[in-house]
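# Residue-level structural notes
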Amino acid sequence: MANATSGMAVHDDCKLKFQELKAKRSYRFIVFKIEEQQVVVEKLGGPSESYEDFMASFPADECRYAVYDFDFTTDENCQKSKIFFIAWSPDTSKVRMKMVYASSKDRFKRELDGIQVDMQATDPSEMSLDLVKARAI
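Residues numbered from 1 in each chain as written. Predicted model: local features only at pLDDT ≥ 70, side-chain atom pairs only at ≥ 80, totals over all residues. Heavy atoms only, no water.

The criterion, for reference: UniProt positions are given in the numbering used here, feature names are shortened, and annotations may be inferred rather than shown by experiment.
The name an unreviewed UniProt entry gives the protein chain is ADF-H domain-containing protein, with Flemingia macrophylla as the organism. For the protein chain, the Sequence similarities (unreviewed entry) comment in UniProt is given as "Belongs to the actin-binding proteins ADF family."

What follows is the structure, given as C-alpha cells:
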C-alpha cells in the first residue's frame, strides 16, 4: 500500500468514496489531505453542492488533493460530465508540505481510476470555473 519513494499510503476510504462519486454520483466533490503519512478523505461534497462550495473547501495556506465531478453541456447540446483531479498547492503553504504533496500526487492519482482531467493550482484563479469549463470541452 505504501509508496517507496514518498512513504505515503492511501486510506481505503479514498478509493471507496471515489468509486461512489464515479459510479453512483453520490458526491459532487471530494477533498483529500495527507495526515500521518497517508492520504485521507477530508470533506465530501453532496450532489447538490456548487463549484463555489468546492472552492471554499480549500485552506488558504495548506496543500490538498481534490476530485470534482463537473457536469456540462456540449455545443451539440449533449449532457456530459468529466472528473477533474486538482492538486492544490498554494504559494503560502510550507515548502515541506508542497514537496510531500508533489512527490505523492502521481501515485495517489493512479489509485483513483477514472480521472479525466488533471489540474494544478497555486491560487484560486488557476482553478476558476471558467478554466474548468474550458478544460472540459
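## Digging into the overall build of the protein chain
Under the convention used in this document: Helix numbering and strand numbering both begin at the N terminus, where a helix is a DSSP run of H or I of at least 4 residues and a strand a DSSP run of E of at least 2. This radius of gyration counts C-alpha atoms alone. The globule rule is 2.2 Å times how many residues there are, raised to the power 0.38. Only protein chains enter the area calculation, which uses a 1.4 Å probe; residues under 20% of their type maximum are buried, those over 50% are exposed, and those in between are partly exposed. The criterion used for residue contact is that any of the two residues' heavy atoms lie within 4.5 Å. Accessibility throughout is a Shrake-Rupley quantity obtained with a 1.4 Å probe, and a residue counts as covered only by protein chains that appear here. For this count, His and the chain ends are skipped, Lys and Arg are scored as positive, and Asp and Glu as negative. Throughout, a charge is located at the NZ atom of Lys, the CZ atom of Arg, the CG atom of Asp or the CD atom of Glu.
For the protein chain, the helix and strand inventory stands at 4 helices and 6 strands. Listing every helix and strand of the protein chain by position from the N terminus yields β-α-β-β-α-β-β-α-β-α. By the compact-globule yardstick of 14 Å for 137 residues, the protein chain fits well, its C-alpha radius of gyration being 15 Å. Projecting the C-alpha coordinates of the protein chain onto the three principal axes gives extents of approximately 45 × 30 × 20 Å. Residue burial in the protein chain is summarised as follows: out of 137 residues, 41% are buried. A fraction of 60% describes how many contacts in the protein chain between residues 6 or more apart in sequence connect residues 24 or more apart. When the accessible surface of the protein chain is totalled, it reaches about 7,300 Å², and 49% of it is carbon and sulfur. Here the protein chain contributes 20 positive and 23 negative side-chain charges, whose respective centroids are spaced 4 Å apart.

## Considering helix α3 (residues 95-111)
As a reminder, the rule being used: How far a helix is expected to stretch is found by multiplying one less than its residue total by 1.5 Å. What is called the bend at a residue is the angle between a pair of axes, fitted to the seven residues leading up to and ending at it and to the seven starting from it.
For α3, built from 17 residues, the straight-helix expectation of 24 Å at 1.5 Å per residue is met to within 8% by its first-to-last C-alpha distance of 25 Å. Taking the largest bend as the criterion, α3 deviates by roughly 45°, centred on Lys 105. Looking at α3, one finds that the buried residues are Val 100, Tyr 101, Ser 104, Lys 105, Arg 107 and Phe 108.

## A short note on the environment of Val 39
When you line up the elements, Val 39 lands in strand β3 (residues 38-45). Val 39 sits 26 residues away from Asp 13 along the chain, and the two C-alpha atoms are 9.4 Å apart. Setting aside chain neighbours within four positions, we find Val 39 in contact with Met 8, Ala 9, Val 10, His 11, Cys 14, Phe 32, Lys 33, Ile 34, Tyr 65 and Phe 108.

## So, the side chain of Glu 20
Within the fold, Glu 20 resides in helix α1 (residues 12-24). Residue classification places Glu 20 among the buried residues on the basis of a relative accessible area of 17%. Beyond its immediate chain neighbours, meaning those up to four positions away, Glu 20 contacts Arg 25, Ser 26 and Tyr 27.

## Concerning the environment of Val 117
Its location among the elements puts Val 117 in strand β6 (residues 117-121). On the basis of relative accessible area, Val 117 is assigned to the buried category, the value being 6%. Separated by 31 residues in the primary sequence, Val 117 and Ile 86 place their C-alpha atoms 8.5 Å from one another. Dropping the residues within four chain positions of it, Val 117 is found in contact with Lys 82, Ile 83, Phe 84, Phe 85 and Arg 135.

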